Amino acid sequence: AIVGASFSPEDADPLRRARMVLGFAAAPVPFTALAVALLPVVFPAATARLLLPLFLGIALLCASVIVLLRVTGSGQWAGNLTLAYATLLIGLTASISGGSHAAVLPWLIALPIWALPIVGRRAARVWSGLVMGTVGTLFGMDALGVGLETQVFPEELALAQTVSYG
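To keep things clear, this report deals only with the structure shown in the data block. Keep in mind it's a predicted model, so treat the numbers as computed, not measured.

Brief notes about the overall build of the chain
Part 1 of the argument: A count of helices and strands for the chain gives seven helices and zero strands.
Part 2 of the argument: Along the chain direction, N to C, the helices and strands of the chain fall in the order α-α-α-α-α-α-α.
Part 3 of the argument: Taken over 166 residues, the chain has a buried fraction of 39%.
Part 4 of the argument: Of all intrachain contacts in the chain linking residues separated by at least 6 positions in sequence, the fraction that spans at least 24 positions is 69%.
Part 5 of the argument: Accessible surface computed for the chain: about 9000 Å², of which carbon and sulfur atoms make up 70%.

Here is the structure:
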């Protein structure tokens, strides 16, 4: 009953959405330990230090989501916060691991699909636009010859791609 106390029994749909937001925010937590352990193996030290706080921020995100759900009684703020954090994390990871060729790029494209049941149709359209803009920027940079070089160690590229596909 992490979120149930903030909702009345008549609030079946908002309660369902709140639970989905919590699940979406908490789902990456088990994989974060693996990601944190692999950062220094896959990336140079400076890049790993840049990514480490973002990956560890997932724990802070989960706590923030719980607080937002309890305080607001709505999944909108918490859902949009979760989607914003996921967009930042995936977008930055894509930009330092090959840009338009990054193995994590499909995860970015999945965010608007996840947004639909979590924050609703209207917000999912906004997230679709933001994701299309991000992906378009990555491909545009590549087309203009401003390609983002991968920071992944060449000998660890297969490992990074395998982990990226989940």
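A look at the nonpolar core
Part 1 of the argument: Within the largest apolar cluster, 42 residues are counted, with the highest numbers of intra-cluster contacts made by Phe 43, Leu 51, Val 65, Leu 83, Leu 108, Leu 111 and Val 119.
Part 2 of the argument: Among the elements of the structure, helix H1 (12-26), helix H2 (29-42), helix H3 (45-72), helix H4 (75-96), helix H5 (105-119) and helix H6 (121-143) are those that each provide at least two residues to this core.
Part 3 of the argument: The element best represented in this core is H3, accounting for nine residues.
Part 4 of the argument: For Val 65, the residues in contact, after removing those within four places along its chain, are Val 21, Leu 22, Ala 25, Ala 78 and Thr 82.

Overview of the environment of Val 146
Part 1 of the argument: Mapped onto the secondary structure, Val 146 falls in the loop between H6 and helix H7 (157-164).
Part 2 of the argument: Placed 47 residues apart in sequence, Val 146 and Gly 99 show a C-alpha to C-alpha distance of 9.9 Å.

Here we look at the packing of H4 against H5
Part 1 of the argument: Closest axis-to-axis distance for the H4/H5 pair is 9 Å, and the angle between their directions is 175°. Put simply, H4 runs roughly antiparallel to H5. Only Leu 105, Trp 107, Leu 108, Leu 111, Ala 115, Ile 118 and Val 119 of H5 make contact with H4, whose side of the interface consists of Gly 75, Gln 76, Gly 79, Asn 80, Leu 83, Ala 86, Thr 87, Ile 90, Gly 91 and Ala 94.
Part 2 of the argument: Per-class residue counts for the contact of H4 with H5 are eleven nonpolar, six polar and no charged.

What to know about H4
Part 1 of the argument: With 22 residues, H4 should reach 32 Å at 1.5 Å per residue; the first-to-last C-alpha distance of 31 Å fits that figure.
Part 2 of the argument: Of the residues flanking the end of H4, it is Gly 98, one or two places downstream, whose phi is positive at about 120°.

Calculation notes
- Residues numbered from 1 in each chain as written.
- Predicted model: local features only at pLDDT ≥ 70, side-chain atom pairs only at ≥ 80, totals over all residues.
- Heavy atoms only, no water.
- Helix = DSSP H or I, 4+ residues; strand = E, 2+ residues; numbered from the N terminus.
- Buried < 20%, exposed > 50% of the residue type's maximum accessible area, 1.4 Å probe, protein only.
- Contact = heavy atoms within 4.5 Å.
- Areas by Shrake-Rupley, 256 points an atom, 1.4 Å probe, with all protein chains shown as cover.
- Core = buried A, V, L, I, M, F, W, Y, C linked by side-chain atoms within 4.5 Å.
- Axes fitted to C-alpha atoms, helices over the stretch in contact; angles between N-to-C directions.
- Parallel < 35°, antiparallel > 145°, perpendicular 65-115°, else oblique.
- Nonpolar A, V, L, I, M, F, W, Y, C, P; charged D, E, K, R; others polar.
- Expected span 1.5 Å × (residues − 1).

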